[in-house]
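# Working through the structure, step by step
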Amino acid sequence: MSSENQTMENLIRLLGFQMFRDYRISFLLLCCFLYCLIITVNIILSALIYSCPNLHHPMFFFLGHLSICDITLTTGIVPLMLPGILRGIVKISLAACIVQLQIYGTALTSECLLLVMMSFDRYLAICHPLRYTSIMNKHFCLQLVILCWTLGFTVTFSFVILLNRVEFCDTAIDHFICDYLPVLKFSQSDIFSVKLVQLLVSTTVVMFTSISLVVTYSYILTTILKITSISGRKKAFSTCSSHMAVVGTFLGSLFGIYIIPPSGNTLNANKVFSLLYTFGTPLFNPLIYCVRNIEIRGEFKKCLYQ
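Described in the following lines is the structure provided in the data block. (Residues numbered from 1 in each chain as written. Predicted model: local features only at pLDDT ≥ 70, side-chain atom pairs only at ≥ 80, totals over all residues. Heavy atoms only, no water.)

### Structural notes on the state of the cysteines
A complete count under the given rule lists one disulfide for this structure. Between Cys 97 and Cys 178 runs a disulfide, and the two sulfur atoms are separated by 2.0 Å. Given an S-S torsion of about -130°, the disulfide between Cys 97 and Cys 178 has left-handed geometry. Of this pair, Cys 97 sits in helix H5 (residues 94-127) while Cys 178 is found in the loop between strand E3 (172-173) and helix H8 (180-184), placing the two residues 81 residues apart along the sequence. Accessibility assignment for this pair places Cys 97 and Cys 178 in one class, buried. Here Cys 112 is not cross-linked by a disulfide; its sulfur's nearest cysteine counterpart is in Cys 69, at 9.5 Å. The exposure class assigned to Cys 112 is buried, which follows from its relative accessible area of 2%. (Disulfide = S-S within 2.5 Å. Helix = DSSP H or I, 4+ residues; strand = E, 2+ residues; numbered from the N terminus. Buried < 20%, exposed > 50% of the residue type's maximum accessible area, 1.4 Å probe, protein only.)

Below is the structure:
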């Protein structure tokens, strides 16, 4: 086989951008604007959290790493999307496709686990306030964050190793990112074990996240309802309502892509859900926390007027 043919076999064509062909200039400008906005607000939020002593609390520490996840997720996808929107196609190597899958897979999994840690933090703060300071110290919070990132990388890498052993017969993917399911569709080897691992891993991560969040927030809501003063209830509920909104948006998109069984319209639906967690969630997270959190708003105003 010639080196030229071998190179062509190692190229993957992403064709999902053709769904934007009728309004590609408008969509390109929108994507550029949203990407710049996402990077800006997340960097501002992270810098604010790490530079302001009043925000050096476990909840904001986790929130800062959530912003890092959002930046990593969006940056791993959008720069490749932009030329594809104009041309209607992107050609990348199989290795680059695998790298992209590893980057955003790590970010997605880590974000799921960080949301669990944030709910655990709110559970301790509301249900066990006297023990909160002794448990959620800086060392323990750092260990939890390292655990989230390590598990996110390891879980994704284990699937990438299996995917790297698959032989492919075609190089055209009707998607704009190198996601697991579109990549597996053009394999020519037996992928039953790979699909089984993908389903087990995705289901385990999403279900673990969902069950953990349901259990912790059940205890939180039960504790809030026992508070006698109305102002106390409002204050307790306001500390976790923004997190609940973020969780609902993020997990809803993941359920739609990786858990719900395939159907005739699954591919187009997956593209929509992928756009949601590429642009919607990374922009929604910092905005909802900045709007609803009094401490962040206060520190932001101080920085503006200094």
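### Considerations on the nonpolar core
In this structure, Leu 14, Phe 17, Met 81, Ile 85 and Phe 279 are the most contacted members of the largest nonpolar core, which totals 43 residues. Put simply, the parts of the chain that give this core at least two residues each are strand E1 (11-14), helix H2 (24-51), helix H4 (78-87), strand E2 (90-93), H5, helix H7 (138-164), H8 and helix H11 (266-292). Among the elements that take part in this core, H2 stands out by supplying eight residues, more than any other. Aside from chain neighbours lying at most four places away, what touches Met 81 is Phe 17, Phe 27, Cys 31, Phe 176, Leu 275 and Phe 279. Counting 34 residues, the second-largest nonpolar core is a separate cluster that includes Leu 113, Leu 144, Tyr 217 and Tyr 289. (Core = buried A, V, L, I, M, F, W, Y, C linked by side-chain atoms within 4.5 Å. Contact = heavy atoms within 4.5 Å.)

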